[in-house]
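# What the coordinates show
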Amino acid sequence: MSAQSGRVDVPLKRLSFGETRRNDTWWLKPLVVFVILTAFVVCSTWAAFQNAYYAWGPYLSPMYSPELWGSSPHAFFGPKPDWFPHWLPFSPALIILPFPAFFRVTCYYYRGTYYKSHWGSPPACAVGKLQKNYRGEQKLPLILQNVHRYFLYAALVFLVFLSIDAYKGFFGWKEVGGKAFEVHLGSLILLINVILLAGYTFGCHSLRHLVGGGVDEMSKKPMRFRLWKCASCFNRSHQGWALTSLFWVAGTDIYVRLLAMGKIPDFKIF
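Residues numbered from 1 in each chain as written. Predicted model: local features only at pLDDT ≥ 70, side-chain atom pairs only at ≥ 80, totals over all residues. Heavy atoms only, no water.

Further remarks concern the overall build of the chain. Counting secondary structure elements, the chain contains nine helices and two strands. When the helices and strands of the chain are read in sequence order from the N terminus, they spell out α-β-β-α-α-α-α-α-α-α-α. Taking 18 Å as the expected radius of gyration for a compact globule of 270 residues, we find that the chain reaches 23 Å, considerably beyond that expectation. Along the longest, intermediate and shortest principal axes, the C-alpha atoms of the chain span 90 × 50 × 40 Å. Looking at the chain as a whole, 38% of its 270 residues are labelled buried. In the chain, the proportion of contacts linking residues at least 24 apart, taken out of those at least 6 apart, comes to 68%. Looking at the chain as shown, the accessible area adds up to about 16,500 Å², and 67% of this sits on carbon and sulfur atoms. For the chain, the separation between the mean place of its 28 positive charges and that of its 13 negative charges on side chains is 8 Å. (Helix = DSSP H or I, 4+ residues; strand = E, 2+ residues; numbered from the N terminus. Rg over C-alpha atoms; globule rule 2.2 N^0.38 Å. Buried < 20%, exposed > 50% of the residue type's maximum accessible area, 1.4 Å probe, protein only. Contact = heavy atoms within 4.5 Å. Areas by Shrake-Rupley, 256 points an atom, 1.4 Å probe, with all protein chains shown as cover. Lys, Arg positive; Asp, Glu negative; His and termini not counted. Charge placed at Lys NZ, Arg CZ, Asp CG, Glu CD.)

Attention shifts here to empty space enclosed by the protein. Summed over all chains, the structure comprises two cavities of 30 Å³ or more. Computed from the structure, the largest cavity encloses a volume of approximately 70 Å³. Considering the residues around the largest cavity, the lining is formed by Leu60, Ser65, Pro66, Glu67, His74, Phe76, Phe161, Ile164, Asp165 and Lys168. The leading source of residues in the lining of the largest cavity is helix H5 (residues 148-171), at four residues. The volume enclosed by the second largest cavity comes to roughly 40 Å³. Leu60, Pro62, Leu162, Asp165, Leu190 and Asn193 are the residues that line the second largest cavity. Counting residues per element, the ones that place at least two in the lining of the second largest cavity are H5 and helix H6 (185-202). For the lining of the second largest cavity, the class distribution of residues is four nonpolar, one polar and one charged. (1 Å grid on protein atoms, 1.4 Å probe; cavity = no way out; pocket = protein on both sides within 12 Å on 5 of 7 lines; lining within 4 Å. Points joined across faces, edges and corners; volume = space filled by probe spheres on them. Nonpolar A, V, L, I, M, F, W, Y, C, P; charged D, E, K, R; others polar.)

With that settled, consider the pattern of salt bridges. Counting across every chain of the model gives four salt bridges. Its salt-bridge partner being Glu217, residue Lys220 comes within 3.3 Å of it at the nearest N-O pair. Taking the relative accessible area as the measure of exposure, Glu217 reaches 42% and is therefore partly exposed. We note a salt bridge from Asp253 to Arg257, for which the minimum N-O separation is 3.4 Å. A residue pair is termed a helical-turn pair when its members lie 3 or 4 positions apart in one helix, as Asp253 and Arg257 do in helix H9 (residues 238-260) at four residues. (Salt bridge = Lys/Arg side-chain N within 4 Å of Asp/Glu carboxyl O.)

So, in C-alpha cells, the structure goes:
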C-alpha cells in the first residue's frame, strides 16, 4: 500500500489457457462455432474438388458460380482450357472459390468467431487465451486481414452472377424443354440464396465505410447518407446474415448435387 495515496497495488496473474472463475458453460459457444465452421470448410473443399454433379437443368451450384471453364452448359468459355497445367486438379470451383472464401475469412465478424473457436484468442471473455503475446493485425500473418476491403469488390461482382443464376432458375426452362417461366423448389432455393448473400454483403463493415466514410457532414451528401443508413441496417444483423447465408450456400450446393445425381426430384410449383 502506498502511504501517500492510499492505493493498493494488486499484481495481476496471467490466466493459463482455459483457466477462468466463470461457472457458466462458456465453452459451449466456441465449441459449436468450431464444429460448424470446420464442417463447412471440409464439405465445401470436398465439393470443390468433385468437379461433378454441380449443375442440373438451369441450376448451377453457388460454389461453382460463375463457371468460367467447365463441362456444363453454364460455362462461359467452354471446357477445360489446354493451357491449364495437367498436373493440377481441375475444377471450376477451384478457380473462383478463393474469392468468396477470403471475403468470409477476412470478415470482421468471422475473425471474432474463429479467433475464439479455432485459435483460443481468447476462447471467451475472462478465459485464459492460448497465445502468450498478441502483436495485433499490423504484422504477418494477420496484417493480411486488411485485404478484406478488396475482396468486397469481388463479392459484389459475384452477386451479379448469382443473381443471373437465380433468374435462370425461373426463366431458363425453355432451354431445357419447358416453358419460358416456371417456378420450382430449386428456383426459390437459388433466389433465397442470393438474397441471403446480398444481406451479408450489404452489411459488410467495409461497405459501410465505402459508401459513408470520409464524409465530415452527412447532410451535404444525402445520397451517401441513405446508402450508409441502408448498409448500417443490414450491419445490425450481420451475424445472422453471415450464418444463414453460410448454411444456405451449403444447402443449395447439396440440393443441386442431389438433383444431378438423380437422388431427389425438383418439385414444380407452377
